[in-house]
Amino acid sequence: MKKSDNPAIEWLSNRVRILDQTRLPQAEVYLELGDYRSIASALTELKIRGAPAIGVAGAYAVVMGALKIESTVRAEFLEKLRAVIRTIADTRPTARNLFRALDRMRQVAEAGADVAEIKTALADEAVKIHDGEMAATFEISRHGAALIEDGFTVLTHCNAGPLATTGYGTAIGVIMRAKEQGKKIKVLATETRPLLQGARLTTWELKKAGIPATLITDSMAGYFMSKGEVDCVIVGADRIAANGDTANKIGTYTLAVLARENDIPFYVAVPTTTIDLSLAIGDEIPIEQRSEDEVTHIWEVRIAPEGVAAANPAFDVTPHRYLTALITEKGIIRRNYEEGIKKIM
Ligand code: MRU
């Protein structure tokens, strides 16, 4: 896949062009954003989303912020850049790729001798981060496709496809690669309440890729698993702790427990940029809490009585014992996740 084949984000030297994912599938609306604050808002509003894509957008946002800083005094410039980075870091707390990308950008900035050099180096680094995420997804799909047999029905949750990764996709990349190998694959896509990434984005991507998909509500997963209609589950992740505990879209934990109960393999496909060695276990992963309105409303239509309280954790943590394998660009890890992760990192 070429960079230009992926509509999620395109770098235009001093601004980015993103496909507004909140408008899909009704409309394909592209936005050109030239200010780091507008990228930060786009991240918070999920116009661009999915851990790897969040990291890439965050890196480009740093470049845009840096280009607008007028000071030519290195120390003053770096001080202002740190404020830019803080704003971007405040958007999506669970996505490990964002913090990894921001760390890289900060290190590059601090290594630069003068402001002009730093600005050029930041732009180069952001492109490298983008290229790295793209390349990783291709390798993930290669490793993961070996686990998918001809005739499989794969259940996936949320959206871990090209839109979420700026590349080939993690979970969906694996499915697409298996299809390219000539395997006949069907997908059960969970709608993924509250923001419906599965219904809106995964089915959109699968339709484009010519892969038969059946949309189900989140609560139907157990029904299909118990009927023997799911051969494996593949999901992406937002952050993985050093022991393999996996934070992914809310509802993933439920699917993992259901998969275990029904003897169905449960795979997590991620680039190593999603793995956070600084956190020993999943309990330490920060979980993004989003607005109650996303639960009490669907597309601004209120579905619950006025005044009803609602909770909206955007992610949950699946303990590593529920994983059948972790699929990364560096290979597949099974069972002893802590040791396996240490080896590949
Ligand atoms: O809130 P979102 O839409 O950014 O959540 C996305 C997910 O949960 C994905 O599964 C995850 O980021 C992996 S993307 C390859």
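Please read these numbers as outputs of a predicted model, since none were measured by experiment.

The rules we used
- Counting starts from 1 at the beginning of each chain's written sequence and moves along it residue by residue.
- Restriction of local features to residues with pLDDT of at least 70 applies here, the model being predicted, together with a cutoff of 80 or more for giving and counting side-chain atom pairs; totals for whole chains, interfaces and linings are based on all residues.
- Hydrogens and water molecules were not included; the side-chain quantities draw on all heavy atoms of the structure.
- Each cavity reported here is a set of points on a 1 Å grid over the protein atoms alone in which a 1.4 Å probe fits but cannot get out, each pocket an open set with protein on both sides within 12 Å along at least five of seven lines, and each lining residue one with an atom within 4 Å of a point.
- Grid points are joined across faces, edges and corners, and a volume is the space filled by probe spheres set on the points.
- Residues are grouped as follows: nonpolar covers Ala, Val, Leu, Ile, Met, Phe, Trp, Tyr, Cys and Pro; charged covers Asp, Glu, Lys and Arg; every other residue, Gly included, is treated as polar.
- Where each domain begins and ends follows an automated or database-derived domain assignment.
- In DSSP terms, a helix is any run of H or I states spanning at least four residues, a strand is any run of E spanning at least two, and both are numbered starting from the N terminus.
- Whether two residues touch is decided by their heavy atoms; if any such pair falls within 4.5 Å, the residues are in contact.
- A simple rule labels every residue: compare its accessible area, found with a 1.4 Å probe on the protein chains alone, to the largest value its type can have, and call it buried under 20%, exposed over 50%, or partly exposed in between.
- A pair of strands is labelled paired if DSSP reports no fewer than 2 bridges between them.
- We call a residue near a molecule or strand when any one of its heavy atoms sits within 4 Å of it.
- Think of a polar contact as two N or O atoms within 3.5 Å of one another; within protein, one of them needs to be a possible hydrogen donor and the other a possible acceptor, and neighboring residues in sequence only count if both atoms come from side chains.
- Molecules are considered to sit inside a cavity or pocket once more than half of their atoms lie within 2 Å of its grid points.
- By convention, a stacked pair of Phe, Tyr or Trp rings (six-membered ring in the case of Trp) has centres within 6.5 Å and planes under 30 degrees apart, an edge-to-face pair has planes over 60 apart, and any other such pair is tilted.
- Note on geometry: a ring has a charge over it if NZ (lysine) or CZ (arginine) is within 6 Å of the ring centre and within 35 degrees of the ring normal.

Asks: What's the story with empty space enclosed by the protein in this structure? I'm lost.
Replies: Sizing a probe to match a water molecule and rolling it over the atoms shows the empty space that remains. Per the stated rule, a full pass over the model turns up 3 cavities of 30 Å³ or more. Of the pockets and cavities examined, the largest cavity occupies roughly 210 Å³. Around the largest cavity, the lining is made up of 25 residues, and of these Gly50, Ala51, Asn159, Asp238 and Asn248 lie nearest the centre. Class assignment of the residues belonging to the lining of the largest cavity gives a composition of 12 nonpolar, 9 polar and 4 charged. Here the lining of the largest cavity spans two domains, since at least three of its residues come from each of domain 1 (3-138) and domain 2 (147-344). Together, Thr192, Arg193, Pro194, Leu195, Gln197, Lys249, Ile250, Arg290, Glu294, Asn312, Pro313 and Ala314 line the second largest cavity. Tallied by class, the residues present in the lining of the second largest cavity amount to 5 nonpolar, 3 polar and 4 charged.

Asks: Sorry if this is basic, but what is going on with the environment of Glu125 here?
Replies: Inspection of the secondary structure assignment puts Glu125 in helix α5 (residues 115-145). Residues Glu125 and Ala109 lie 16 residues apart in sequence; the distance between their C-alpha atoms is 9.7 Å. With sequence-adjacent residues up to four places away left out, Glu125 is seen in contact with Arg104, Met105 and Val108.

Asks: Sorry if this is basic, but what is going on with the pairing of strand β10 (residues 266-269) here?
Replies: Regular strands place side chains that alternate from one sheet face to the opposite one. Of the two faces of β10, the one carrying Phe266 and Val268 and the one carrying Tyr267 and Ala269 are both buried. Inspection of the sheet shows strand β7 (residues 232-235) paired to β10 by 3 bridges, in the parallel sense. Counted as the bridge partner of Val233 is Phe266 from β10. Judged from the 3 bridges that link them, β10 and strand β15 (residues 325-328) form a sheet pairing that is parallel. Within the sheet, the bridge partner assigned to Tyr267 lies in β15 and is Ala325.

Asks: Where do I start with the site of the ligand in this structure?
Replies: The ligand sits among 18 residues. The nearest are Arg49, Arg92, Asp238, Asn248 and Lys249. Interatomic distance of 2.9 Å between a backbone N/O atom of Ala51 and an oxygen atom of the ligand. Asn248 is positioned with one of its side-chain polar atoms (N or O) 2.7 Å from an oxygen atom of the ligand. Cavity membership is defined here by more than half of the atoms lying within 2 Å of grid points; on that basis the ligand lies in the largest cavity. Elements with a contribution of two residues or more to the shell around the ligand: α2 (51-68), α6 (162-165) and β9 (246-249). The class makeup of the residues in the shell around the ligand is 8 nonpolar, 6 polar and 4 charged.

Asks: What is the right way to look at the packing of aromatic side chains in this model?
Replies: Any pair of aromatic rings gets described here by the distance separating the centres and the angle formed by the planes. Overall, the coordinates contain 4 aromatic pairs when judged by the stated rule. Relative to Phe224, the ring of Tyr223 lies with its centre 5.0 Å away and its plane at 90°, an arrangement referred to as edge-to-face. You can call Tyr223 partly exposed: its relative accessible area is 48%. Both rings, one in Tyr253 and one in Tyr322, keep their centres 6.2 Å apart while their planes meet at 70°; by these two values the pair is edge-to-face. In this pair, Tyr253 is assigned in helix α10 (residues 252-261) and Tyr322 in the loop between β14 (315-318) and β15, connecting sequence segments 69 residues apart. Owing to a relative accessible area of 35%, Tyr253 belongs among the partly exposed residues under this scheme. Tyr322 gets classed as buried once you look at its relative accessible area, which sits at 14%. Note that Arg177 overlies the ring of Phe138, its terminal NZ or CZ placed 4.3 Å from the centroid. Sitting over the ring of Phe315, Lys249 keeps its end group 4.3 Å from the ring centre.

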